[in-house]
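# Coordinates in review
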Amino acid sequence: MADIAHSLTSAFDAVWGRFLGRLDGLGDEEYLWEPVPGGWSVRPGDDGRWRIDGDGGGGPAPDPVPVTTIAWRIGHIGLTFTDFGDRLFADRMITLDDVEFAPSAPAAVAFLEDGYRNHWRKPFETLEEEQWWRPIGPHFGRYAEQSVVDLALHVLDELSHHAAEVGVLRDLYSQKDDLGDH
């Protein structure tokens, strides 16, 4: 029987590889494409620094939740890796001001790689079997008593469903000129 670390890292790596494959050929226009008016994206602030709309999904969302761009989804995924990884493995709370969101498709892939590899995946390799079952702690608020396994499964869900949404947006973008008023 495989241990929990092997099972989870294998699942993450499989989803991660599939996601990176879907990002192949992503250009800046498509990265920032807004399929509907009033959606969420990443944008330059008055100071020129790129920020994510809606606090990256960490704050209260309007009802209905806005449609998001590929840039927003990538920002959200990278933020999840960085934020949750830093809270769990580095005992550090980051803020949105600590995160530099990507203004271009190549920078976005680099942002994702850094978040996944350095803040999430590499620290997994340091956990001993018993650490997977420990509570995640006070940095996670009302979820403090949940285990590292619970958090890992939540992050895997975030990666899987937001990566799938990026895939759908890429499919729509490739057909955007044919969509018309269907």
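Right, let's walk through the structure included here.

About the thresholds
Residues numbered from 1 in each chain as written. Predicted model: local features only at pLDDT ≥ 70, side-chain atom pairs only at ≥ 80, totals over all residues. Heavy atoms only, no water. Salt bridge = Lys/Arg side-chain N within 4 Å of Asp/Glu carboxyl O. Helix = DSSP H or I, 4+ residues; strand = E, 2+ residues; numbered from the N terminus. Buried < 20%, exposed > 50% of the residue type's maximum accessible area, 1.4 Å probe, protein only. Patch = residues over 30% accessible without salt bridge, like charges linked within 9 Å, V, L, I, M, F, W, Y side chains within 5 Å. Areas by Shrake-Rupley, 256 points an atom, 1.4 Å probe, with all protein chains shown as cover.

## Points about the pattern of salt bridges
The tally for this structure, following the rule as stated, stands at 13 salt bridges. A salt bridge links Asp-83 to Arg-87; its shortest N-O distance comes to 2.7 Å. Here Asp-83 pairs with Arg-87, and both are found in helix 3 (residues 70-89), just four residues apart, close to one helical turn. Grouping residues by exposure puts Asp-83 and Arg-87 together as buried. Between Asp-86 and Arg-92 there is a salt bridge; the shortest N-O distance is 2.7 Å.

## Brief notes about a nonpolar patch on the surface
On the surface, Val-168, Leu-172 and Leu-179 cluster together into a nonpolar patch covering about 230 Å² of accessible area. Counting through the fold element by element, Leu-179 comes out in helix 6 (residues 176-179). In this structure Leu-179 comes out as partly exposed when scored by relative accessible area, which is 36%.

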